[in-house]
Amino acid sequence: MRDRIQTVLRQLAQSSELEVRWLHTLSLLEFIGARKISRTVADRHPTLEVLGHLADETRHAFTFKQLACEVAGREDVTEFLSVGAASTWFQSLDRELATWAMQLTGETDVHLHYLLTTAVVERRAMVLYPLYKAATRHAVVREELGRVVVEEQAHRRTIEDACAQRLAKVGATLEPALALEARLFETFLGVLEKDVATALEGSRAA
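Residues numbered from 1 in each chain as written. Predicted model: local features only at pLDDT ≥ 70, side-chain atom pairs only at ≥ 80, totals over all residues. Heavy atoms only, no water.

Trainee: How would you summarise the pattern of salt bridges if you had to cite specific residues and measurements?
Mentor: Taken as a whole and judged by the stated rule, the model has 13 salt bridges. We note a salt bridge from arginine 4 to glutamate 193, for which the minimum N-O separation is 2.8 Å. With arginine 4 in helix α1 (residues 2-12) and glutamate 193 in helix α7 (residues 175-205), this pair connects stretches of sequence that are 189 residues apart. Arginine 4 sits in the partly exposed class, given a relative accessible area of 30%. The salt bridge involving arginine 183 is made with glutamate 96; its shortest N-O contact spans 3.1 Å. Of this pair, arginine 183 sits in helix α7 while glutamate 96 sits in helix α4 (residues 83-105), and the two are 87 residues apart along the sequence. According to the relative accessible area criterion, arginine 183 is partly exposed, its value standing at 47%. Note on glutamate 96: relative accessible area 30%, which makes it partly exposed. (Salt bridge = Lys/Arg side-chain N within 4 Å of Asp/Glu carboxyl O. Helix = DSSP H or I, 4+ residues; strand = E, 2+ residues; numbered from the N terminus. Buried < 20%, exposed > 50% of the residue type's maximum accessible area, 1.4 Å probe, protein only.)

In structure tokens:
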């Protein structure tokens, strides 16, 4: 799947219009993540660690939207790329991980659910963002992606360790959650590939 991701990112980076839509979609995904944190483990004044994570995810949403506007050369970017499939990937992942966590523990464990979703989403980000950084032609995008990757790596180590400890107590590992995410992401990737191919064909025909 890594090769497919690399290919489609290189393709969309050929078109500034497509890249603007892609950046805006990344902004939305980061915002969805921040909103889920604020509505669950941060619905009341949370720990310093959770507050830091919430601040970073919110800043990433802002950064990607700002980059979309900068690449577009305007401040009114509203268009997305494969946004329905992107949102479905995140929402379905979050929902199915919540179900899995409940099956493991026999109860609604909001913190374990948070750890699971964060761990698998940030594992995906560590594949996606470096590949996108290599694909983009815009120096400002490369610079910001470098900063985002550093922050996500710090989260991932902390979150995955905590997640592994919680899962070990119920005799489980992170692998089933990662397999679930891969299946859902592949569906999103298929839609993205089709949308990028259609858009590029349309621009060549014009």
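Trainee: Please set out unusual backbone geometry residue by residue, giving values where relevant.
Mentor: A positive phi angle, near 55°, is found at serine 82, a position not held by glycine. The class for serine 82 is buried, based on a relative accessible area of 7%.

Trainee: I'd love a proper account of the packing of α1 against helix α5 (residues 110-135), names of residues and values included.
Mentor: Relative to each other, α1 and α5 sit at 40°, their axes nearing to 9 Å. With respect to their mutual orientation, α1 and α5 come out oblique. Considering only the axes of α1 and α5, their crossing is right-handed. Seen from α1, the contacting residues are Arg2, Ile5, Gln6, Leu9 and Arg10; seen from α5, they are Arg124, Val127, Leu128, Leu131, Tyr132 and Ala135. Residue composition of the contact of α1 with α5, grouped by class: seven nonpolar, one polar and three charged. (Axes fitted to C-alpha atoms, helices over the stretch in contact; angles between N-to-C directions. Parallel < 35°, antiparallel > 145°, perpendicular 65-115°, else oblique. Left-handed = near helix turned anticlockwise from the far one by under 90°. Contact = heavy atoms within 4.5 Å. Nonpolar A, V, L, I, M, F, W, Y, C, P; charged D, E, K, R; others polar.)

Trainee: Describe the layout of surface pockets, naming the residues involved and giving the relevant values.
Mentor: Considered as a void within the structure, the largest pocket measures approximately 460 Å³ in volume. Considering the residues around the largest pocket, the lining is formed by 30 residues, among which Leu29, Gly33, Phe90, Thr117 and Val121 are closest to the centre. Within the residue set of the lining of the largest pocket, elements represented by two or more residues are α2 (16-39), α3 (48-72), α4, α5 and α7. In terms of residue count, the dominant contributor to the lining of the largest pocket is α5 (11 residues). (1 Å grid on protein atoms, 1.4 Å probe; cavity = no way out; pocket = protein on both sides within 12 Å on 5 of 7 lines; lining within 4 Å. Points joined across faces, edges and corners; volume = space filled by probe spheres on them.)

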